[in-house]
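Structural characterization, general
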Amino acid sequence: MTPAASSPGTARDDEDGMRLALDLARRAAALDEVPVGAVVLLEGVVVGEAHNETHARRDPTAHAELLAVQRACARLGALRLPGAVVYTTVEPCFLCAGALSHARVARVVWAVRDPKFGGAASLGAVLTDPRLNHRAEIAEGVLADEARALLQEFFQKKRGRGE
């Protein structure tokens, strides 16, 4: 397990966690994957991390958040991740928000909203819906300018290649 710069909870901690997620998003972009990265921290320690792998795996569910949660659960030998904080560069979609809720993560922090697919704030509120038996604390906007620039650059290059 990789120690994080500090334990989650403060603005500085959130920036540190998001920087790790942004590094993963850059790796995804280098592999021609949509640049989304996610990190799972438990008690200040990275227990799972991933970037999008949908193209490489030819799997529409190989989202960064899902893969990071799977890796965290495998590493810990656990079904749930109570107390965990997930940092992701883009607002989780409905699929990922549902998985984060099922994993019982305590907190989800993202950089930018996803107006087309966002299931945590933009199009729905899966992580905070009072009808669910588990709700996560959410925070958004951490290093948003950096994440937005990475996404914009990626998609501008795609359009330039006619994809």
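So, here is what we can say about the structure in this document.

The next thing to look at is unusual backbone geometry. Even without glycine at this site, aspartate 32 takes up a positive phi of about 65 degrees. Within the secondary structure, aspartate 32 is located in the loop between helix H1 (11–30) and strand E2 (37–42). Although it is not a glycine, arginine 104 sits at a positive phi angle of roughly 65 degrees. Tracing the chain through its elements places arginine 104 in the loop between helix H4 (94–102) and strand E5 (107–112). Residue arginine 104 is classed as partly exposed on the basis of its relative accessible area of 21%.

On to the packing of aromatic side chains, then. By the definition in use, this model includes 1 aromatic pair. Pairing phenylalanine 154 with phenylalanine 155 gives two aromatic rings, centres 5.1 Å apart and planes at 85 degrees, and the pair type is edge-to-face.

Bringing the pairing of strand E4 (residues 85–90) into the picture now. Burial of E4 is extensive: 6 of the 6 residues sit out of reach of the surface. The pairing of E4 with E5 spans 5 bridges and is classified as parallel. Each residue of the ladder has a partner; that of valine 90, found in E5, is valine 112. Assessed by its sense of winding, the connection that carries the chain from E4 through H4 to E5 is right-handed.

Cut-off values and rules
Residues numbered from 1 in each chain as written. Predicted model: local features only at pLDDT ≥ 70, side-chain atom pairs only at ≥ 80, totals over all residues. Heavy atoms only, no water. Helix = DSSP H or I, 4+ residues; strand = E, 2+ residues; numbered from the N terminus. Buried < 20%, exposed > 50% of the residue type's maximum accessible area, 1.4 Å probe, protein only. Phe/Tyr/Trp six-rings, centres within 6.5 Å; stacked < 30°, edge-to-face > 60°. Pairing = 2+ DSSP bridges. Right-handed = clockwise from strand over helix to strand, strands pointing away.

The values are spatial; any link to function lies outside them.
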